[in-house]
Amino acid sequence: MKLDSTPVSISDLSQTQNQLEIQDTDDYLIEPVVKDSSKKQESALVVFGTTFITIFLAEIGDKTQLSTLLMSAESHQPWVVFIGSGAALITTSLLGVLLGGWIATKLSPKTVEKSAGVMLLLISVMLFWDVFMG
């Protein structure tokens with residue numbers, strides 16, 4: 001504060017505060033969504049790597065892998081089982097990708113994220129209910 005400036009009165013403070021409040025409420029107005037062109041899109045290699053690692057870790061030791069192991073041991077034809085299970089996993093992944101692409105055109109990402117969260121929560125509650133009450 002400069003020594004030669006005039007003292008600030010209470011009315012000046014309230015006007016400044018009102019202006020700040022008006023500016024603050026302007027921040028909450030709905031504005032059109034504009035894609036940020038400076039935001040770099042993830043490369044295909046990064047998306048592939050993330051998807052591969054996520055699915056690979058999720059599938060280790062699950063019932064699909066155990067079923068494949070048992071079928072391979074029983075049939076004594078591991079390559080036929082490999083091709084059959086690979087084709088089945090590719091087909092289910094294709095269905096997931098196609099359905100996900102269609103849903104992305106109909107719903108916002110936030111809605112899809114919240115819906116997936118609610119579904120996983122319901123599945124978790126049903127599993128806990130079955131374990132503790134069943």
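## As for the overall build of the protein
Turning to step 1, where the next piece is worked out: Secondary structure summary: the protein contains 5 helices and 0 strands in total.
Turning to step 2, where the next piece is worked out: Tracing the protein from N to C terminus, the helices and strands come up as α-α-α-α-α.
Turning to step 3, where the next piece is worked out: Here the protein holds 134 residues, and the buried ones make up 2% of them.

## A word on the layout of surface pockets
Turning to step 1, where the next piece is worked out: Estimated volume of the largest pocket: approximately 710 Å³.
Turning to step 2, where the next piece is worked out: Residue assignment for the lining of the largest pocket shows that the elements contributing at least two residues are helix 2 (44-59), helix 3 (63-75) and helix 4 (78-106).

## What about the confidence of the model for the protein?
Turning to step 1, where the next piece is worked out: Per-residue pLDDT for the protein averages 79, and the proportion of residues at 70 or more is 69%.
Turning to step 2, where the next piece is worked out: Taken element by element, the protein is modelled with least confidence in helix 1 (residues 10-26), mean pLDDT 49, and with most confidence in helix 4, mean pLDDT 94.

Calculation criteria
Residues numbered from 1 in each chain as written. Predicted model: local features only at pLDDT ≥ 70, side-chain atom pairs only at ≥ 80, totals over all residues. Heavy atoms only, no water. Helix = DSSP H or I, 4+ residues; strand = E, 2+ residues; numbered from the N terminus. Buried < 20%, exposed > 50% of the residue type's maximum accessible area, 1.4 Å probe, protein only. 1 Å grid on protein atoms, 1.4 Å probe; cavity = no way out; pocket = protein on both sides within 12 Å on 5 of 7 lines; lining within 4 Å. Points joined across faces, edges and corners; volume = space filled by probe spheres on them. pLDDT = per-residue confidence, 0-100.

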